[in-house]
Amino acid sequence: MSAPPYFNRLLQQLANDDSRIRAAFGKHVHWGYFADPGHTPVTADDYGRAAEALCLKMIEMADVSDGQKILDVGCGFGGTLSCLNARYSQLELIGVNIDPEQLQQAARLVRPRPGNNVYFMAADAAELVLADETIDLALCVESIFHFDRPRFLAEISRVLRPGGSLTISDFVPDQRATEFIEGIHLSAAEAVRSAYGSIDISWSLQRYQEVANSCNLCLTHGVDISSHTLPTYEFLRECVQSWEDTVEAKDFQRATNLLEWATRRQLVAYQLMRFEKKSP
Ligand SMILES: C[S@@+](CC[C@H](N)C(=O)[O-])C[C@H]1O[C@@H](n2cnc3c(N)ncnc32)[C@H](O)[C@@H]1O
């Protein structure tokens, strides 16, 4: 297990102090939420604002309050932890990532406010080194498609207190489209693998419900925000134009176009979901 390939490039661009990349991806690395998706062109600052908006939507869905112990799994550069730290008090925040280099970046971004504590843990999401039933809320922003989902959901269920919740965002295929999605190798296509690393976007809502149930988790909220993510694709295409490695750029374009195509045809939806751990 290692960091996805797109992060190596991002870390390099941030180290070179690329101001456009810093504005768009210096805090969050995800698809963003564009309140007005018809407003184009999208600047790097617009993208950064959309990324913050998606994070806030997820925090709202998670129903965060002061005094909680919160886990952010696949925490990237710490954008979600930073939002939580700025808005709530008496928090215990834990950021988990497979990639220690991203955690170093996150530790620079998230300076705990007095009363808040922030910890970082280099670990695989499927093997959380945390005690049973100690976490109030878990968040996982656009990362779960990299994980071994059944093991991750079982781990989250183990560490959450009864009544605690997990809020995630993911690319979710329509149940009727799952066979088709697998048929066109949306997750396994070579371009997708080399651009985005090992991902699996074959889990429908039904599959989520079945596996979550078997882990004592219940899907309580689901919101399709696909239409608010569409400006992302054009912005990513534009970013790639400055890449020197044309093979890498072509793979990234191909992978991103494939995902946009599937989203525009409503074969795949960008979903926000919340699961609650059932009380005994
Ligand atoms: C698309 S990024 C999202 C980052 C962050 N949540 C955000 O919203 O900015 C996916 C993240 O998942 C992390 N990741 C990938 N596989 C992982 C694993 N098995 N365990 C923990 N983190 C993982 C990556 O290193 C990356 O930080």
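Everything here concerns the structure above.
Reading the values: rules and limits
Per chain, residues are indexed from 1 in the order of the written sequence. Local features in this predicted model are restricted to residues whose pLDDT is 70 or higher, and side-chain atom pairs enter the listing and the counts only when it is 80 or higher, whereas totals over whole chains, interfaces and linings include all residues. Under the scheme used here, helices are H or I runs from DSSP no shorter than 4 residues and strands are E runs no shorter than 2 residues, and both carry numbers assigned from the N terminus. Between the two quantities, the radius of gyration covers C-alpha atoms and the globule rule is 2.2 Å times the number of residues to the power 0.38. The burial criterion counts other C-beta atoms lying within 10 Å of a residue's C-beta, which is placed from the backbone; the residue is buried at 20 or more, exposed at 12 or fewer, and partly exposed between these limits. The nonpolar core criterion groups buried Ala, Val, Leu, Ile, Met, Phe, Trp, Tyr and Cys residues into a set whenever they are joined through C-beta atoms within 7 Å. Throughout, a pair of residues is in contact if the C-beta atoms placed from their backbones lie within 7 Å. Helix axes use the C-alpha atoms of the stretch in contact, all axes being lines fitted to C-alpha atoms, and the angles between their N-to-C directions lie in the range 0 to 180 degrees. If you view the pair so one helix is near and one far, a crossing is left-handed when the near helix is turned anticlockwise from the far one by less than a right angle, and right-handed when it is turned clockwise. We call a residue near a molecule or strand when the C-beta position, derived from backbone atoms, sits within 6 Å of it. For two strands to count as paired, DSSP must find a minimum of two bridges between them. Here, the term right-handed applies to a crossover whose path from the first strand over the helix to the second runs clockwise when the strands point away from the viewer.

### Some details on the overall build of the chain
Scanning the chain from N- to C-terminus turns up 11 helices and 7 strands. By the compact-globule yardstick of 19 Å for 280 residues, the chain fits well, its C-alpha radius of gyration being 18 Å. Projecting the C-alpha coordinates of the chain onto the three principal axes gives extents of approximately 50 × 45 × 35 Å. Residues counted as buried form 43% of the 280 residues belonging to the chain.

### Focus: the nonpolar core
Of all hydrophobic cores here, the largest spans 79 residues; its most connected members are Met 58, Ile 70, Leu 84, Ala 138, Leu 139, Cys 140 and Leu 166. It is helix 3 (residues 44-62) that contributes the most residues to this core, 9 residues altogether. If we skip the residues at most four places from it in the chain, Cys 140 touches Val 73, Gly 74, Leu 166 and Ile 168.

### Side note on the packing of helix 3 against helix 4 (residues 79-87)
Two elements in contact, helix 3 and helix 4, have axes separated by 10 Å at closest approach and are oriented at 65°. As helix 3 runs across helix 4, the sense of the crossing is right-handed. Judged by residue contacts, Ala 51, Cys 55, Leu 56 and Ile 59 of helix 3 engage Gly 79, Thr 80, Cys 83 and Leu 84 from helix 4.

### Observations concerning the site of the ligand
Contacts to the ligand come from 24 residues, most closely from Gly 74, Gly 76, Val 141, Ser 143 and His 146. Contributing elements (two or more residues each) for the shell around the ligand: helix 4 and strand 2 (92-97).

### Regarding the pairing of strand 7 (residues 268-277)
Extensive coverage of strand 7 is indicated by the burial of 8 of its 10 residues. Looking at chain direction, strand 6 (residues 217-224) and strand 7 are connected through 7 bridges and run antiparallel. Opposite Gly 222, over in strand 7, you have Met 273 as the bridge partner.

### Quick notes on the environment of Ile 184
Along the chain, the position of Ile 184 falls in the loop between helix 7 (178-183) and helix 8 (190-196). Judged by C-beta crowding, with 14 C-beta atoms within 10 Å, Ile 184 ranks as partly exposed. Residues Ile 184 and Leu 258 lie 74 residues apart in sequence; the distance between their C-alpha atoms is 9.5 Å.

### Concerning the pairing of strand 3 (residues 117-122)
Relative to strand 3, strand 2 is paired through 6 bridges, and the arrangement is parallel. Across the sheet, the residue bridging to Leu 93 is Val 118, located in strand 3. Taking the sense of rotation as the criterion, the β-α-β connection linking strand 2, helix 5 (residues 100-109) and strand 3 turns out right-handed.

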